[in-house]
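# Architecture at a glance
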Amino acid sequence: MCKLDEDKRLCNLSFSKLKMASVHESLYFNPMMTNGVVHANVFGIKDWVTPYKISVLALLHEMTASKMTLPERRRLNKLILPLQQGPDLTLGQFLKTVEECCPQTAYAVKIRLHEMADGELKDMESFFSTLPTPFTAFDSEAYKTSVVGLFMRHMLLAYNKLSFSQVYKLYKSLQHYYHSHYAKPAHGRVGLPVLVADVSDMDLTSTEDTVGDRVDKEEVDAPLHVSELRSDNAPSKGPLSQKQAEYFLARQAYLLKNDENKALKPASLQEELNNMLKFNPDFAEAHYLNYLNSMRVQDIFISAHSLLHYFDRLILSVNEGKSNGDEGYGRSLRYAALNLASLHCRFGHYQQADLALQEAIRIAQESNDHVCLQHCLSWLYTLKQMKGSDSTVLTEDSVKMAAHFCLPYLASLGIQSLVQQGATQGKTAHKLMDALKDTDILHWKHSLSELIEISLAQTTSIWRMYGKSTMALQQAQLLLNMSSLESVNFGVQQNNTEAFAVVLCHLAELHAEQGLYNAVTEIFQHLKEQFPSHTQHAKLWMLCDLKIQFERHMNEGKFHLAELLVTAISALNKTEGLYRKALVLKALNRSTEAYSILQRLQVQCEKTKTTEIIIRVMLSTAELHWESSGFATALPILLQALALARQHHLQSLASEAILHLAFTQLMLGVPEQALSVLHEAMEPVLAHGAVIDKGRALLLAARCQMAVAGFRPNIQGQPDLHLAALAVDTLNEATAYFIKLNCKERLRDVHYLQAQLHRSLGHTSQSNKSAMLFRLLDRELQSPAPPVSMRL
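Residues numbered from 1 in each chain as written. Predicted model: local features only at pLDDT ≥ 70, side-chain atom pairs only at ≥ 80, totals over all residues. Heavy atoms only, no water.

Taken as a whole and assessed by the stated rule, the structure comprises 23 salt bridges. Between Arg-296 and Glu-260 there is a salt bridge, and its shortest N-O distance comes to 3.2 Å. Highlighted residues: Arg-296 in helix α12 (residues 284-296) and Glu-260 in the loop between α10 (242-258) and α11 (266-279), separated in sequence by 36 residues. Take Arg-296: its relative accessible area is 6%, and that puts it in the buried class. For Glu-359, the salt bridge is made with Arg-362, and the minimal N-O distance between the two is 2.6 Å. Residue Glu-359 and its partner Arg-362 are located together in helix α15 (residues 350-367), separated by three residues, close to a single helical turn. With a relative accessible area of 34%, Glu-359 lands in the partly exposed category. Exposure remark for Arg-362: the relative accessible area of 38% places this residue in the partly exposed category. Residues participating in the shared-partner salt-bridge network are Lys-547, Glu-551, Glu-576 and Arg-580. (Salt bridge = Lys/Arg side-chain N within 4 Å of Asp/Glu carboxyl O. Helix = DSSP H or I, 4+ residues; strand = E, 2+ residues; numbered from the N terminus. Buried < 20%, exposed > 50% of the residue type's maximum accessible area, 1.4 Å probe, protein only.)

Below you can see the structure in the form of structure tokens.
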């Protein structure tokens, strides 16, 4: 069986609420993939000469004998291996595939097959005799060490070992294969029923056509049937040889890892695997692929069942026992327990995962397997993180031991986990970036492209958390435009990993913050195509999409639509759903219910140390105090939120807290102090803030300028004309931002203030225009405007 590649084990990473990479998904290995080749040899089915293989031989013969352009030859060369290793195609499918690469060669192959099928048996004999000998064709593609030469040698050897009766049956099968393409099918499909019955008589090792041998052969080497892999809905055609089974498994495993959309659909793949396991229940790799396929649809029962069956077959395998003995048996057991732990972790079964992990640790300690122990240690600190416990010490120990045993993959994962914990604990940005820079050197040194992608996604998340939108956008674009270091097989680029999903979600949020909703729609359309709803990373874009829709409805004042999204958000993330439920209740003036939810949420987040949500809850609680004119009671809450944001270097939340403080000071009658405080937050808000935050900041600045200039309701006096002109410009700029987001309630407030300001300055026409706009919006909204003094 295949060897375990310890340093390049498949690792699916999941991200925290900050969308930063962590190590709490399955560190399982893929036993079928080693350079894209399956090492299992469990079918016992030999390769045979079939009419389809004769068609491939005819193609190879024409390639060696005829002249063609360089692009055509290049396209045909890329087609050789899929044709040789893939399942048998009908003649129509085969000719269509070749014709797409080189029409002249396809026509020549068709003429060659016509001569044999419409001729006599000697014509087929003549074709095999005219094939170039691999030992003498030094200057052509058929040289003995080439792919073409090896295939020709194999087919010539198989053909020469056939008895006369077998050659005659092959000839009749070729006639049926050729004429069935041109004959009209009875039920709209072209099948090969005769081939299935007779092809086992052309085995490489068969020399006689005896009934007893045929019965034994049907029991041991019964041919498997597989749907045409180029079409999900094609009917089953032809037998599946050992190499074709290996190619099928390698292809599907590779596609599941790198581009799930190009793999067979879960139901189709399940059907094919069931067919394989029906003929050979001990085929271990088929059980493992069944496990991966079940994970796609989150089927815990079948995935656990298939995983256990895989390791049962692996342990009982004859090849494993002969090559590795007791060591191979124990190795399979401990990695079986480790994979089972990763499976339970993915489904949130922490107790079962802990038990399986302890079992893997026990077996690894008995066998003195340090590599397996390091994987167990990685899962141990990952499990603690998922439970909400502090795992810093365990993670540091894991990094040290992984470096000691020269396991760069695990060491890098540990460092990335420490960076994530450091970000949530308030470490400065330069320390985190230095740590990521050191890991990037390790990644490039060992060509760990998967970890390079995770590092870039993590950097994007850190900048987003710190409120640096420009830097986050730069890192996101760097990942999206980076060429993967992974070898490209089956024409697939590795761009459907979780790192790409996280970065695209950040990109969508950044565009939404700037009001570019058309671009957001295009990004989510791509995400839905790349990560369908049944895939494991689909929850990332689903939650992101719901949050963007919620914010948009809240900005537009459509609170009833925002309320409908709360349930869906809660299903994906309970904390986010609870927080947004409080926001909707506050907007609907149900302050008592909103306050109760916010208090409960704050206690919950303090236990889980979710600093970002804690600060937002404090700001929302302060806004509830404003509604009851409790500006003095809101002040200590806002100061606490500001201190917490600065302690964790959360610039965007710190700016938000400063805006709330400035508004509170304005309401307390100290507009000069409010304007001074506001200037501290204005620069980061305008540089990195969302459009709604820019508009709110400018609106607050205009109100502070009006208050400082001497504009008071029902108070006579000469205002400061310079500050008044400045307030006019500020309100105009805020209007542009609110129009971009269609924030009609905010625009109504702006027009109200503009009308007051212009009337005090004696600008009658501008005052009337602003009053008219205010009246139109007030009629359109059909809701009483809340007091401007009670809302930021």
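Working definition of a disulfide: a covalent bond connecting the sulfur atoms of two cysteines. Under the defined criterion, the tally for this structure stands at zero disulfides. No disulfide involves Cys-372; its sulfur sits 4.2 Å from that of Cys-376, the nearest cysteine. The class of Cys-372 is buried, set by a relative accessible area of 0%. The class of Cys-376 is buried, set by a relative accessible area of 1%. (Disulfide = S-S within 2.5 Å.)

Structurally, Met-116 is set in helix α4 (residues 103-117). Assessed through its relative accessible area of 1%, Met-116 is described here as buried. Measuring from C-alpha to C-alpha, the distance between Met-116 and Gln-175 comes to 8.0 Å, with 59 residues separating the pair along the chain. Each residue touching Met-116, except ones within four places of it in the same chain, is listed here: Ile-54, Asp-123, Met-124, Phe-127, Tyr-171 and Leu-174. (Contact = heavy atoms within 4.5 Å.)

For the rest of this paragraph, the subject is unusual backbone geometry. In this structure, Gln-298 is a non-glycine residue whose phi angle is positive, near 60 degrees. On the secondary structure map, Gln-298 appears in the loop between α12 and α13 (300-316). Look at Gln-298 and you get partly exposed, because its relative accessible area is 36%. For Ser-447, which is not a glycine, the phi torsion comes out positive at approximately 55 degrees.

Looking now at the packing of aromatic side chains. Inspection of every chain in the model, using the stated rule, returns nine aromatic pairs. Note on Trp-626 and Phe-663: the rings are 4.5 Å apart at their centroids and 50 degrees apart in plane angle, and the pair reads as tilted. Pair noted here: Trp-626 is in helix α28 (residues 611-627) and Phe-663 is in helix α30 (residues 651-667), with a separation of 37 residues, a long-range link. Comparing Trp-626 with Phe-663 shows no difference in burial state: the two are buried. Grouped by ring-pair contacts, the aromatic residues Tyr-288, Tyr-291, Tyr-310 and Phe-311 constitute a single cluster. Over the ring of Tyr-517 we find Arg-552; its NZ or CZ atom is 4.0 Å from the centre of that ring. (Phe/Tyr/Trp six-rings, centres within 6.5 Å; stacked < 30°, edge-to-face > 60°. Lys NZ or Arg CZ within 6 Å of the ring centre and 35° of its normal.)

This part takes up the nonpolar core. The biggest cluster of nonpolar side chains holds 121 residues, and the ones touching the most others in it are Phe-550 and Leu-700. Discounting chain neighbours no more than four positions away, the residues touching Phe-550 are Ala-562, Leu-565, Val-566, Ile-569, Arg-580, Leu-583 and Val-584. Judged by nonpolar contacts, the second largest core, of 45 residues, contains Leu-59, Leu-79, Val-109 and Met-116. (Core = buried A, V, L, I, M, F, W, Y, C linked by side-chain atoms within 4.5 Å.)

At a minimum axis distance of 11 Å, the contact between helix α1 (residues 51-65) and helix α5 (residues 121-130) shows a crossing angle of 50 degrees. Between α1 and α5, the interaxial angle falls into the category oblique. Where α1 crosses over α5, the two elements pack in a sense that is left-handed. Only Met-124, Phe-127, Phe-128 and Thr-130 of α5 make contact with α1, whose side of the interface consists of Ile-54, Leu-57, Ala-58 and His-61. Here the contact of α1 with α5 is built from residues that sort into six nonpolar, two polar and no charged. (Axes fitted to C-alpha atoms, helices over the stretch in contact; angles between N-to-C directions. Parallel < 35°, antiparallel > 145°, perpendicular 65-115°, else oblique. Left-handed = near helix turned anticlockwise from the far one by under 90°. Nonpolar A, V, L, I, M, F, W, Y, C, P; charged D, E, K, R; others polar.)

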